[in-house]
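The primary structure of each chain is shown beneath.
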There are 2 protein chains.
Amino acid sequence: MSQRNTGVTAQVVNAYACPVREVLDRVAGKWSVQILVAAAHGPIRFTELERGIEGISRRMLTLTLRNLERDGLVTRTVHPTVPPKVEYALTPMAQELHETLQRLTDWAERNRVHIAEARAAYDVEHRPEQLGA
Amino acid sequence: MSQRNTGVTAQVVNAYACPVREVLDRVAGKWSVQILVAAAHGPIRFTELERGIEGISRRMLTLTLRNLERDGLVTRTVHPTVPPKVEYALTPMAQELHETLQRLTDWAERNRVHIAEARAAYDVEHRPEQLGA
DNA sequence: CTGTATCCATCGTGATACTG
DNA sequence: CAGTATCACGATGGATACAG
């Protein structure tokens, strides 16, 4: 793209073997999904997002919003008032995506415990040989 | 975890606001999904994966497989033959995940063009002011 | 065939400070 | 209020070489 890298994946250069990765590259960022979720019920302001998403920095909020906007997933509406008011909303495309992500959430919740157990078992199995104690 | 960081996300420390991120942290790695897809039809060998997934390095293949195994998403079966033969297969849990990811694929394919257009439009709109010439 | 170890370039993200 | 600029650091992943 035109300006220099400001952090956060800028663009996709190579063709994809499978299109899932294409979605993931848009959504796998640390904050993208949470923004999508936060904006799912309706337009939301910058500061509301900042307060609603635990631990996000202003920088990352801006950056992630810009990427989502660039991909046509959110719209940015500036109300020329004093003080300024900017609202972000999901596009129809993003709302579909949000529903699909809900399936992933369901899967995660169904398998959360199972995964945790698998990890624990694996870590016990593969710990650095101080078994005998 | 026990051994030192070898690259690729090691573990999850903090609690999650939403469980989607939990899935994504497991699947957002550059190669995880492609391995899941490649192993979806049935058990597959290390070298088959290596050849089937364009551009993956042996290192990343191993690393990603280990993580998937740790999360209980793939099983690793060693056939004690000469030469050695190792097969990786999806667990039932991973097969469910694979189906869910398929929905994401569908979304991606439906909206691929639309996203590309959004990007193009955005990039034109926000290029670094050398418009006149 | 199926890995592991090491080195290193790059990317993503947080901290902090400044602005219209 | 809603950003942007700069810096710094660890995580991520590629290249390469070695091994059971």
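Below or above, wherever it landed, is the structure these notes cover. Since the structure is predicted, the reported quantities are computational estimates derived from the model, not experimental observations. (Residues numbered from 1 in each chain as written. Chains lettered and ligands numbered in written order. Predicted model: local features only at pLDDT ≥ 70, side-chain atom pairs only at ≥ 80, totals over all residues. Heavy atoms only, no water.)

Here's the deal with the interface of chain A and chain B
Part 1 of the reasoning: Listed by partner, the interface residues are 49 residues for chain A and 49 residues for chain B.
Part 2 of the reasoning: Between chain A and chain B lies a buried interface of about 4,600 Å² when both sides are counted; carbon and sulfur atoms form 64% of it.
Part 3 of the reasoning: When the buried area of chain A at its contact with chain B is split by residue, Arg70, Trp107 and Arg119 of chain A rank highest and sum to 16% of it.
Part 4 of the reasoning: Linking Arg70 of chain A and Asp123 of chain B is a salt bridge whose minimum nitrogen-to-oxygen distance equals 2.5 Å.
Part 5 of the reasoning: On the surface where chain A and chain B come into contact, there are 14 residue pairs in polar contact (both at pLDDT 80 or more).
Part 6 of the reasoning: Every element with two or more residues in the side of chain A that touches chain B is listed here: helix 1 (19-27), helix 2 (32-38), helix 4 (58-70) and helix 5 (92-125) of chain A.
Part 7 of the reasoning: Broken down by element, the residue count for the side of chain A that touches chain B peaks at 20 residues, all from helix 5 of chain A.
Part 8 of the reasoning: Split by residue class, the side of chain A that touches chain B holds 22 nonpolar, eleven polar and 16 charged. (Contact = heavy atoms within 4.5 Å. Buried area = accessible area lost by both parts, 1.4 Å probe. Salt bridge = Lys/Arg side-chain N within 4 Å of Asp/Glu carboxyl O. Polar contact = N/O pair within 3.5 Å; in protein donor to acceptor, adjacent residues only side chain to side chain. Helix = DSSP H or I, 4+ residues; strand = E, 2+ residues; numbered from the N terminus. Nonpolar A, V, L, I, M, F, W, Y, C, P; charged D, E, K, R; others polar.)

Description of the environment of Ile44 of chain B
All names here are of chain B.
Part 1 of the reasoning: Mapped onto the secondary structure, Ile44 falls in strand 1 (residues 44-45).
Part 2 of the reasoning: Taking the C-alpha atoms as reference points, Ile44 and Arg76, separated by 32 residues in sequence, lie 9.8 Å from one another.
Part 3 of the reasoning: Ignoring sequence-local partners within four residues, the contact set of Ile44 consists of Ala38, Ala39, Leu49, Val86, Glu87 and Tyr88.

Some remarks on the relation of the copies chain A and chain B
Two copies of a chain can be linked by a rotation about an axis combined with a shift along that same axis.
Part 1 of the reasoning: Superposition record for chain A on chain B: RMSD 0.1 Å, screw rotation 180°, translation along axis 0.0 Å. Here the copies are linked by what is in effect a two-fold axis. Scanning chain A for the C-alpha nearest the rotation axis identifies Ala28 of chain A, at a separation of 2.8 Å.
Part 2 of the reasoning: The overlap is high: 100% of the interface residues of chain A also sit at the interface in chain B, so the same surface is used on both sides. (Least-squares fit on C-alpha atoms with pLDDT ≥ 70 in both.)

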